Amino acid sequence: MGDSYETVIGVEVHVELATKTKIFYGCSTAFGAAPNTNICPVCTGQPRALQVLNKKAVEYAVAVGLAVGCKINRRSAFDRKNYFYPDNPRNYQITQLYEPVCRDGALAVQTEGGKKQVRIREIHLEEDAGKLVHDDRAKLSVVDFNRSGVPLIEIVSEPDMRSAEETVAFLGLLRQTIQYLGASDCRLNEGSMRVDVNLSVRRAGADTFGTRTEMKNLNSFRAVARAVESERERQIGLLEAGKCVVQETRRGDDAGGRSFVMRAKEDAGDYRYFPEPDLVDLIISDDWIREIGKKQPEFRTERAKRLVKEYGIPEYDAEIITDSRHMADLFEAVCALGSPPKKVSNWLMGETMRLLKERGMEPEDIRFSPEHLSALIAMAERGEINGGVAKTVFAAVFDGDVDPAAYVAGKGLASVSDEDALSAVIRQVLADNPQSVKDYLGGKERALGFLVGQTMKATKGRADPALVNALLLSLMK
Amino acid sequence: MSLMQHTALELGRMIRSGEIRAVSAVRAALDAVEKKDPELNSFITVDGERALSQAEQAEKKIRSGELTGPLSGVPMAVKDNLCTEGLETTCGSAMLRGYVPAYSATAVRLLMEAGAVLIGKTNMDEFGMGNTSGTSACGAVRNPRNTCHVPGGSSGGSCAAVAAGLVPYALGTDTGGSIRQPCSFCGVAGIKPTYGTVSRYGLIAYGSSLEQIGPIAGNISDCAAVLETIAAHDPLDSTSVRRRDTHFTEALFDDVRGMKIGIPKDWLGEGLDREVRAAVLDAGARLTERGAVVREFDLGLLDYAAAAYYVIACAEAGSNLSRFDGVRYGMRAKDYRGIDDMYRRSRTEGFGAEVKRRIMLGSFVLSAGYYDAYYRKAQQVRRLIKNSFDEAFARYDVILGPVAPTVAPKMTEQTDDRVQKYLGDIYTVSANLAGIPGISLPVGVHSSGPPIGVQLLGNCFEERTLIRAAYSLEQACGRRGNG
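Bear in mind that the values here come from a model prediction, so they are computed numbers and not experimental data.

Criteria and cut-off values
Residues numbered from 1 in each chain as written. Chains lettered and ligands numbered in written order. Predicted model: local features only at pLDDT ≥ 70, side-chain atom pairs only at ≥ 80, totals over all residues. Heavy atoms only, no water. Domains from an automatic or database assignment. Pairing = 2+ DSSP bridges. Helix = DSSP H or I, 4+ residues; strand = E, 2+ residues; numbered from the N terminus. Axes fitted to C-alpha atoms, helices over the stretch in contact; angles between N-to-C directions. Contact = heavy atoms within 4.5 Å. Core = buried A, V, L, I, M, F, W, Y, C linked by side-chain atoms within 4.5 Å. Buried < 20%, exposed > 50% of the residue type's maximum accessible area, 1.4 Å probe, protein only. 1 Å grid on protein atoms, 1.4 Å probe; cavity = no way out; pocket = protein on both sides within 12 Å on 5 of 7 lines; lining within 4 Å. Points joined across faces, edges and corners; volume = space filled by probe spheres on them. Nonpolar A, V, L, I, M, F, W, Y, C, P; charged D, E, K, R; others polar.

Novice: So what's going on with the domain arrangement of chain A? Which residues, and what values?
Specialist: You'll often see interface size given as the accessible area lost when the parts meet. On domain assignment, one finds that chain A holds domain 1 (13-199 + 269-290), domain 2 (300-411) and domain 3 (419-476). Here domain 1 of chain A and domain 3 of chain A have C-alpha centroids that lie 63 Å from each other.

What follows is the structure, encoded as structure tokens:
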């Protein structure tokens, strides 16, 4: 039934810019500080305060605009969006409604269905609001203004996406591009990237759009994909039942993949936008744009090529590693400490990716230091720990950024590589398992594996498996 | 005779020469306030102790040679919509009763650095919304020339304090005539500078795109000296302009020979008091006598100015005042149920009727479906008014005209007709819409008693031409000093 419908998806993406200070004043933007410590008269809406635009925020916005092929407006302007809410210190938000800083860009996204252009209508600058914290027990709400005035860009796509896959591919490429620029860390779980999805369905071949709903509170790409799927089904279900889709904002429930009505269209505020009189127009000269263009970094494709050339790793590895700038940076940082590049790439593509998936984390969430991975690789290379132990140690490095040498010493995980000691253990194993020895000598190869296993067990996994094999064979002769 | 009968510059000279001490000047001001202000109500807050200790400090710095400026040690007052560090700043509103800013407005800070001594904060129409100084939560101000009359507004407290000789000068703010009109009603001089000349940082905003801080004093020389001190580029105000031509006191010389002065004919028509009209023409004649070339011309658009002004000012005000919500500072209602009710009750109790009226007006003209018909249209009119001034200043150096249609009305004579009240600003609002500078200068006295002032307008950044014309006119009228 659903096949006769087309899903039409557009996104609005808010990205916190990585400026050190806020968009209209000099106080810090650091995440995670104690409540109401990174504040000033401007971002708490004191009566006397006036705003002054942060130049770096404009540069980031222009850099993102250039990277996604936007036209940069030589003259843009700020507007006030008026609404009362306690996290909004002036009860108006400064944004760009009429003249955004960038217009008309596009990203070419790759899905299994092929390559596709997703157009970007505009990118505009605005300020973030504070954060409300509700204490149900004390029946109290408190406001933290640390986030108030953090610079944001809002990237608005055209309704060019048709599936969850395309949507996630677009968002992934957008995030990758912004991360490569260093304009933001784009962490969905910390809110430095926030995605609103607008979705409608229509009969295949129809030339008008259906009524759309907006979905908010999607804090992972998986949640985006799930929300698209379930909202598509919900809307088709309504239409099939002869009902209408109501224009509304829905809030995702990350656990169940369901969504709830947040706000109906009738409740949508009249924001009484008008030009911000406290700020002058934003004039961006050709020279400034050229300067920003010159500073554009190496993006994914070039970087993958360079990694192949400079480090001699396979193209396949380079592709995977450069998918995230953070991962690529980590790769180069570990290599710079003298670790063999292919070993580094193996650790990143293998155990690192596995643990990220297992823990439900993004590459940006990696917290271990290059030094500790490098040290771990060196210990494994020198045979101080065996492969199995190395994975255990790596998990500890991954989770807690422990010093691998100290960890191995503390847990007694160093390889047993003393031949005499190991021979003694093996002799005991052989003595304890005469039947297996007989089986092996009788031609049953599998018995050897059992004996290796018993030896590893006896050494608590610390023995070098190659040495165990060699010693077993020589002792059974 | 009170020391406060002297001009600010005279007092400054007397203090610097050691003839009097700064503390004596401040005592004289405080005495005058104590004696006269119970009737006038021109001050909301007076902090004598603070003023005396500031005077002591200024005195020391003057003696040590650290302070040499013309305003060192001279007492003054500041309109209560300008933030003053450690001193309550209420905007004449119950909403901000008890609000003590942690920093001073840039203009105030610059005066303090120049050695000025702050006596207190002057009364005003609530949030600057009014032209009588009668909408203050702290009660109406009376005109010192005749206490039956209103002082004008919204800087009526500052003008009354200067006119009564309580302080030699004061700061006011002018959003639609709020310096110029009360100056004319009280018989003192005042300047509304070019938009961007004085930083608005620390001015509690009413109409952001329209307002400027400016001096109010007994004569134009004092005004020029004060403006020179407070005109400076401020990185904290995005609309602040970098200017090099702010040596305004250099323009204080009596020479208007060849200066081209235009009088808008359409400003002299119906609705203008006959004696005020005569005073404008007389001022023109005096300037002609001194060598200026005075002509009448059509400026146009007078009928649209007040409407455009009220649409834009109210739109900005509605948004600017939305921060007064009871959440972070200022008044919060005692009893409420939920956040929306807290907003509603706090704002209902905290704001006076005129403020509420303008917030509603502003919300209306920006609301969906009305924006184009009102706000956008008003901005178009604003552009046209600017264009007509540009054309006028291509032909004239200075425009001379009335400040208000009438002189100060009696407190009992005030109309309840809002539109009529708003039309009282008809001659002043154009300068704010166009961002140009204006001077209000007393030239005579009306047969009904109150003073008559005239207005001089100049092109953007032409304060020096304007000051020269005003100085010459002042000489011609034979005025100097207060009272």
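Novice: Could you give me a rundown of the sheet that holds strand E5 (residues 92-95) of chain A, with the residues and numbers involved?
Specialist: Residues and elements named next belong to chain A. Strand order across the open sheet formed by 3 strands is E5-E4-E15, with antiparallel pairing between neighbours. Both outer strands of the open sheet, E5 and strand E15 (274-275), are each paired with one neighbouring strand and no more. As judged from the 4 bridges shared by strand E4 (residues 79-82) and E5, these two strands associate in the antiparallel manner. Bridged to arginine 80 within E5 is isoleucine 94.

Novice: Tell me what's going on with the sheet that holds strand E1 (residues 43-46) of chain B, and back it up with residues and numbers.
Specialist: Residues and elements named next belong to chain B. If you walk across this open sheet you meet the 11 strands as E1-E3-E2-E4-E6-E5-E10-E11-E9-E7-E8, and the pairing is mixed. Edge positions in the sheet fall to E1 and strand E8 (293-297), since each of these pairs with one other strand and no more. Neighbour-to-neighbour, the strand axes of this sheet turn through a mean angle of 30°, independent of strand direction. In this sheet, strand E3 (residues 117-122) lies alongside E1 in antiparallel orientation, the contact comprising 3 bridges. Across the sheet, valine 46 pairs through a bridge with glycine 120, a residue of E3. Packing against the sheet, helix H15 (residues 463-476) makes contact with strand E5 (189-192), strand E9 (398-402), strand E10 (438-445) and strand E11 (451-458), and its axis sits at approximately 10° to E10.

Novice: Break down the nonpolar core for me, citing the residues and quoting the values.
Specialist: Phe127(B), Tyr169(B) and Leu171(B) are the most contacted members of the largest nonpolar core, which totals 151 residues. The element that contributes the greatest number of residues to this core is helix H9 (residues 302-320) of chain B, accounting for 11 residues. Val13(A), Met161(A), Ile178(A) and Cys186(A) belong to the second-largest nonpolar core, a separate cluster that totals 65 residues.

Novice: Provide a residue-level description of the layout of surface pockets, including the pertinent values.
Specialist: Residues and elements named next belong to chain A. By volume, the second largest pocket is sized at about 1,500 Å³. Forming the boundary of the second largest pocket are 46 residues, of which Gly172, Arg175, Phe221, Asp323 and Glu362 lie nearest the centre. Going through the elements one at a time, strand E6 (102-111), helix H2 (164-181), helix H3 (221-240), helix H5 (300-311), helix H6 (315-322) and helix H8 (341-359) are the ones with two or more residues in the lining of the second largest pocket. Here the element with the most residues in the lining of the second largest pocket is H2; it accounts for 9 residues. Of the residues assigned to the lining of the second largest pocket, the class counts are 20 nonpolar, 11 polar and 15 charged. Three or more residues apiece are contributed to the lining of the second largest pocket by two domains, here domain 1 (13-199 + 269-290) and domain 2 (300-411).

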